[in-house]
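Okay, here's what each chain looks like letter by letter:
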Amino acid sequence: MTETDLVPVFDGHNDTLLRLYQSKDADVEKLFIEGTQGGHIDLPRAKKGGFAGGMFAIFPPPVEKTKRASVPPAPSDNEPLPPELPRSEALASTIAMASILFRLERAGAVTVCRSAGDVREAMAKDAIAAVFHIEGVEAIDPELTMLDVLHAAGLRSLGIVWSRPNAFGNGVPFRFPSSPDTGPGLTNAGKALVKACNQLRIMIDLSHLNEKGFRDVAAISDAPLVATHSNVHAICGHSRNLTNWQLGAIRETGGMVGLNFATGFLREDGRMNADTSLEIMVRHVDSLLQALGEDGVGLGSDFDGAMIPAVIGDVAGLPKLIDALAVRGFGRALIEKIAYRNWIGMLEKTIG
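Residues numbered from 1 in each chain as written. Predicted model: local features only at pLDDT ≥ 70, side-chain atom pairs only at ≥ 80, totals over all residues. Heavy atoms only, no water.

Novice: Honestly, the packing of aromatic side chains in this entry has me stumped. Any pointers?
Specialist: Centre distance and the angle of the planes are the two values used to describe a pair of aromatic rings. Tallied over the entire structure, the rule returns seven aromatic pairs. A centroid spacing of 5.5 Å and a plane angle of 85° characterise the contact between Phe261 and Phe303, whose relative ring orientation is edge-to-face. Placement of the pair is Phe261 in the loop between β8 (256-259) and α10 (278-292) and Phe303 in the loop between β9 (297-299) and α11 (318-327), with a sequence separation of 42 residues. With respect to burial, Phe261 and Phe303 carry one shared label: buried. An aromatic cluster of three or more residues is present, and its members are Phe59, Trp162, Phe174 and Phe265. Between Lys24 and the ring centre of Tyr21, over which it is positioned, the NZ or CZ distance is 5.1 Å. Lying over the aromatic face of Trp245, Arg215 brings its terminal NZ or CZ to 3.8 Å of the ring centre. (Phe/Tyr/Trp six-rings, centres within 6.5 Å; stacked < 30°, edge-to-face > 60°. Helix = DSSP H or I, 4+ residues; strand = E, 2+ residues; numbered from the N terminus. Buried < 20%, exposed > 50% of the residue type's maximum accessible area, 1.4 Å probe, protein only. Lys NZ or Arg CZ within 6 Å of the ring centre and 35° of its normal.)

Novice: Quick question: what am I supposed to make of the side chain of Asn14 here?
Specialist: Among the structural elements, Asn14 can be located in strand β1 (residues 9-14). Within polar-contact distance, the side chain of Asn14 engages the backbone nitrogen of Thr16 at 3.0 Å. Non-local contacts of Asn14, meaning those with residues more than four positions away in its chain, are made with Ile41, Phe51, Met55, Phe56, Ala57 and Phe303. (Polar contact = N/O pair within 3.5 Å; in protein donor to acceptor, adjacent residues only side chain to side chain. Contact = heavy atoms within 4.5 Å.)

Novice: For this particular structure, what's the right way to read the side chain of Thr276?
Specialist: Considering the arrangement of structural elements, one finds Thr276 in the loop between β8 and α10. Thr276 sits in the buried class, given a relative accessible area of 6%. A polar atom in the side chain of Thr276 sits 3.0 Å from the side chain of Arg267. A distance of 2.5 Å separates the side chain of Thr276 from the backbone oxygen of Asn273, its partner in a polar contact. Every residue in contact with Thr276, bar those within four places of it in the chain, is listed here: Thr263, Leu266, Arg267, Pro309 and Val311.

Novice: Honestly, the pairing of strand β2 (residues 51-58) in this entry has me stumped. Any pointers?
Specialist: The side chains of a regular strand alternate, residue by residue, between the two faces of the sheet. Among the eight residues of β2, eight are classified as buried, and the element is accordingly described as predominantly covered. Relative to strand β4 (residues 128-135), β2 runs parallel, the two sharing six bridges. Each bridged residue has a counterpart across the sheet, and for Ile58 the counterpart in β4 is Ile134. (Pairing = 2+ DSSP bridges.)

Novice: How should the pattern of salt bridges be read in this particular structure?
Specialist: Where charged atoms from two side chains of opposite charge come close, those side chains can pair. The tally for this structure, following the rule as stated, stands at 19 salt bridges. Here Arg45 and Asp42 are joined by a salt bridge, their closest N and O atoms 2.9 Å apart. Arg328 serves as the salt-bridge partner of Glu279, at 3.9 Å between the closest nitrogen and oxygen. Placement of Glu279 in helix α10 and of Arg328 in the loop between α11 and α12 (332-350) is noted, with a sequence separation of 49 residues between them. Overlapping salt bridges bring together Asp42, Arg45 and Asp314 as one network. (Salt bridge = Lys/Arg side-chain N within 4 Å of Asp/Glu carboxyl O.)

Take a look at the structure:
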């Protein structure tokens, strides 16, 4: 595939802001614009791979004294939840990463998009369309005052939890094999948060949320159900993946799922192993299409947040997945839906 016929990709989830934040570099704009040796996304590689934008996640990392591997090195069926994060720590890192996002915009590296129309306009100008997303809302107070502030700043999508408990609900632990039925559902504050997000037109991301929390969102929300970076539990029995009933619930609402590239959520053995084939990724896409239909499937790479298949490597390798879908027999129209059109349509329905 030549650069002139690249299929644009709008991606459901990346952790690039976290990587830049943890770099401690004073000039993260230069780091992103000129390119880096490590990580998965920077401007030169994004252009090479046809990366048109996506949900740029702000993930408050664990505090140093409790820091542990985000994902266990080997599958375990009894992996505990990581510890809760103090709000003061989460607030500081969330604001710092939001600052990085807006600094990148001022430098001309990305365009922060507050609507589906903004995304279309950015793509038409060949600018990276960045949707302000939060993964784990520990920075938000139960009274939701910070939600108003973040929404005014541009927040348009949030995952209530990462894989740890907070004031609003419980995430799933990194267990394999395991169902996502691992704990209690949303708290009263969590249910109020769902209603507030519906009113503000903030998209709710179900990735990382446990089964009872998922059921609570499904019962309360009047928006399509969305999991930005999750895979098929029937193929990889990880607690992070979606069971048949969850996929059915998403389909009933006209919702959507983005394929997670993290190898531990792709492989049948649940291992984080870079020697993972494109074939298993296509298999998950096939299964998602069967469960959700052509309008319900996108990509949610988890770039800069997980070990991805070495055959892709980084964002510049996206055309290899697109080519693999074409080899499987997917037509150009369906590939474009999966690559970017479905996400833009979902943003139209959720954030406006």
